[in-house]
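A look at the structure
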Amino acid sequence: MNAALPETFDIPAFVAATLAEDLGTIGDITSAAVIPANARFTGVMDSRDPIVVAGLDLAEAFFRALDPDVRIERLVQDGQQVAAGTELLRLEGAGRALLTAERSALNTVQHLSGIATMTRRYVDAMAGTGAILLDTRKTIPGLRVLEKYATRMGGAQNHRMGLWDAAMIKDNHVAVAGGVAEAVRRAKAAGIAHIIVEVDRIDQIEPALAAGATHLLLDNMAPATLRKAVTLVAGRVPTEASGGVNLDTIRAIAESGVTYVSVGRLTQSAPAADIGLDFATA
């Protein structure tokens, strides 16, 4: 499991933009009015439910952005599955700064841990089938790198990061191009090495493969149809089941013999994890 955010992700810029959104042009008027300038606080971030943790590096970055001298003790690691009531980190520092950073830090860890937790449920549901869970591009704009990091913490593999790293020929591309084979031929002629083709009928498989598809996305097929498709493909390219996948259906889909199962719900529908930050006077 890769437990690090990509080096290309600019954590300081993300933290600065998030805090700027929260602080506006005036700042945290509540903390400035209520908390003495020299007040010190200790705090504990903990899980209220069983979760898979994700986003603690970002939480720390929020606190350090406002109090560079804050003392933080990390008690668990991203990707770790923890029980309800588990302490995630302890911190001690300037009261105003910690209270000002609290919501941004919590929002981030709650969102990413929610994705990681849901992802682990899907991974567990398909365990032993041999299929690999993939995420999708169904992410919140601006948060794709973070959300796909969270799916990795839950045990999934990242699929395409964007429109640039593989061709994905879907039904609308096929309709405009004039057919599956023609769409694939055009992608191959453009020099694209990785060509994923969505097919929703068995009779589209051979034309797609003959034209040069390197990966087939079997869209909205029932498990019995998926098994027929896998048999027809016979290992020539990886196969991916997509559409209609939820916790009730994923095992039967994964047992069809497909290489991958992709699930948009991981990033599109995961509820935030219940995580709190409780402060006490030092």
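Scroll up to find the structure this text is about.
To keep things clear, this report deals only with the structure shown in the data block. Keep in mind that what you see is a predicted model, and the values were worked out from it rather than measured.

Within this structure, the stated rule accounts for 3 aromatic pairs. The interplanar angle of 50° and the centroid separation of 5.8 Å between the aromatic rings of Phe9 and Phe14 together place this pair among those described as tilted. Comparing Phe9 with Phe14, the two get one shared label, buried. Of the residues examined, Phe14 reaches a relative accessible area of 16% and is grouped as buried. Three or more aromatic residues link up through ring pairs in this structure, and these residues are Phe9, Phe14 and Phe62.

Here we take up the side chain of Asp46. Among the structural elements, Asp46 can be located in strand β1 (residues 40-47). Given a relative accessible area of 16%, Asp46 falls into the buried group. There is a polar contact of 3.1 Å between the side chain of Asp46 and the side chain of Arg48. Those residues in contact with Asp46 that lie beyond four places of it in its chain are Thr86, Glu87, Leu88, Asp274, Ile275, Gly276 and Asp278.

Burial runs high along strand β9 (residues 215-219): 5 of the 5 residues are buried. Burial along β9 is two-sided: His215, Leu217 and Asp219 facing one way and Leu216 and Leu218 facing the other are all buried. Examined bridge by bridge, strand β8 (residues 195-199) and β9 share 4 bridges and lie parallel to one another. Within β9, the position partnered with Val197 by the bridge is Leu216. Where the polypeptide runs from β8 across helix α8 (residues 205-211) and back to β9, its parallel neighbour, the crossover connection is right-handed. As paired elements, β9 and strand β10 (residues 239-242) share 4 bridges and run parallel to each other. Opposite Asp219, over in β10, you have Ser242 as the bridge partner.

Further remarks concern the pattern of salt bridges. Taken as a whole, this structure holds 16 salt bridges when the rule is applied. In this structure, the salt-bridge partner of Glu60 is Arg64, at a minimum N-O distance of 3.7 Å. Taken together, the residues Glu60 and Arg64, both in helix α3 (residues 56-66) and 4 residues apart, mark about one turn of the helix. Judged by its relative accessible area of 13%, Glu60 is buried. Among the residues examined, Arg64 registers a relative accessible area of 35% and is labelled partly exposed. The network of salt bridges with shared partners includes Asp57, Glu60, Arg64 and Arg74.

Glancing now at unusual backbone geometry. For Asn220, which is not glycine, the phi dihedral falls at a positive 55°. By the element assignment, Asn220 lies in the loop between β9 and α9 (223-233). A positive phi angle, close to 55°, is found at Ala234, a residue other than glycine. Relative to the elements of secondary structure, Ala234 occurs in the loop between α9 and β10.

Parameters and conventions
- Residues numbered from 1 in each chain as written.
- Predicted model: local features only at pLDDT ≥ 70, side-chain atom pairs only at ≥ 80, totals over all residues.
- Heavy atoms only, no water.
- Phe/Tyr/Trp six-rings, centres within 6.5 Å; stacked < 30°, edge-to-face > 60°.
- Buried < 20%, exposed > 50% of the residue type's maximum accessible area, 1.4 Å probe, protein only.
- Helix = DSSP H or I, 4+ residues; strand = E, 2+ residues; numbered from the N terminus.
- Polar contact = N/O pair within 3.5 Å; in protein donor to acceptor, adjacent residues only side chain to side chain.
- Contact = heavy atoms within 4.5 Å.
- Pairing = 2+ DSSP bridges.
- Right-handed = clockwise from strand over helix to strand, strands pointing away.
- Salt bridge = Lys/Arg side-chain N within 4 Å of Asp/Glu carboxyl O.

Interpretation note: all reported values are geometric properties and have no functional meaning in isolation.
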